[in-house]
Amino acid sequence: MLFAACQRNSVQWAEITRPGPPLPRTSVHGMLVPAPDACPASVRAARVGQRIVAAWWTVRRDSSAILNVAWSPDGGSNWSAPVVADSTDRSARGCGRPPPAIAADSASGYVHLAYFAESKSGRGIFFAHSMDGGKTFHSPVPIVFGDNPAFVSVASSGDRVAVAYEDPNSAQPAVGVAVSTTMGHIFHTGEVVSSDAERARQPSVIVRGDTVRVWWSDHAPDPRISMTRPAFRQGIFR
């Protein structure tokens with residue numbers, strides 16, 4: 001079920017286009033290992049000026065996980081001490097879980113995280129953010145509950161935040177988007193933006209001013225075929 005945060009959706013969406021404009025590169029690419037116990041495939045990072053901020057999963061002995069964040073002043077050679085962003089996961093997936101998504105706003109100093117986790121409150125997509133440059137994180141809030149592990153993307157621009165996610169409830173893969181106009185304190189109800197005719201996976205989202213742009217991959221219905229085609233949809237905050 002979708003998580004309703006006391007507000008209706010506030011984005012007016014245009015039609016889906018294929019292939020759409022090229023996806024801008026906003027994340028930091030390359031293998032970064034901020035801590036020796038990090039799940040290497042889970043590390044995701046964003047650049048803020050000359051610094052890099054990274055998020056990753058660390059696995060406990062019982063195979064549940066902790067979501068960590070750290071900063072690097074020199075492109076990944078040295079890292080600050082990790083800060084725990086979320087310790088509520090109670091799964092037994094070890095490192096075999098979707099990576100988190102991270103975005104940072106250089107103007108406000110906010111750090112935004114979105115990720116799939118399995119906590120006592122339920123399985124689903126969660127959001128957490130820091131208002132002090134990643135030193136402390138607010139308690140995570142659910143974006144959408146659902147059982148299927150899902151890949152996510154997060155982006156921000158000023159007080160607007162968008163989380164794009166693989167719908168963890170859909171029998172046929174679909175991409176949804178939830179938005180906030182309060183810097184992530186309250187989210188509007190999420191909605192599916194891909195079409196019923198697609199098998200939509202691997203979303204990427206960017207927010208620029210009052211515009212939110214979402215890309216995803218439409219996968220072939222036969223799992224033996226690796227063919228995909230890109231899809232794109234743009235919306236305007238009302």
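This section reports on the structure supplied with the text.

Regarding the sheet that holds strand S14 (residues 200-208)
In step 1: Taken together, 4 strands build an open sheet; the order of strands is S1-S16-S15-S14 and the sheet is antiparallel. Whereas interior strands pair on both sides, the edge strands pair on one side only; in this sheet they are strand S1 (11-13) and S14. Strand-to-strand twist of the sheet, defined as the mean angle between neighbouring strand axes without regard to direction, takes the value 25°.
In step 2: Taken together, the 3 bridges between S1 and strand S16 (residues 228-237) define a ladder with antiparallel strand orientation. Residue Gln-12 lies in a different strand from S16, and its bridge partner there is Ile-236.

Examining the pairing of S16
In step 1: When strand S15 (residues 211-219) meets S16, the two strands line up antiparallel, connected through 9 bridges. The residue of S16 that forms the bridge with Trp-215 is Phe-232.

Let's talk about the side chain of Asp-167
In step 1: Relative to the assigned elements, Asp-167 resides in the loop between strand S11 (160-166) and strand S12 (175-180).
In step 2: Arg-201 provides the closest opposite charge to the buried, salt-bridge-free Asp-167, at an N-O distance of 12 Å.
In step 3: Here the side chain of Asp-167 touches Asn-169 through a polar contact of 3.0 Å, landing on its backbone nitrogen.
In step 4: Apart from residues lying up to four places away in sequence, Asp-167 is in contact with Ala-174 and Val-192.

Criteria and cut-off values
Residues numbered from 1 in each chain as written. Predicted model: local features only at pLDDT ≥ 70, side-chain atom pairs only at ≥ 80, totals over all residues. Heavy atoms only, no water. Pairing = 2+ DSSP bridges. Helix = DSSP H or I, 4+ residues; strand = E, 2+ residues; numbered from the N terminus. Axes fitted to C-alpha atoms, helices over the stretch in contact; angles between N-to-C directions. Buried < 20%, exposed > 50% of the residue type's maximum accessible area, 1.4 Å probe, protein only. Lys, Arg positive; Asp, Glu negative; His and termini not counted. Salt bridge = Lys/Arg side-chain N within 4 Å of Asp/Glu carboxyl O. Polar contact = N/O pair within 3.5 Å; in protein donor to acceptor, adjacent residues only side chain to side chain. Contact = heavy atoms within 4.5 Å.

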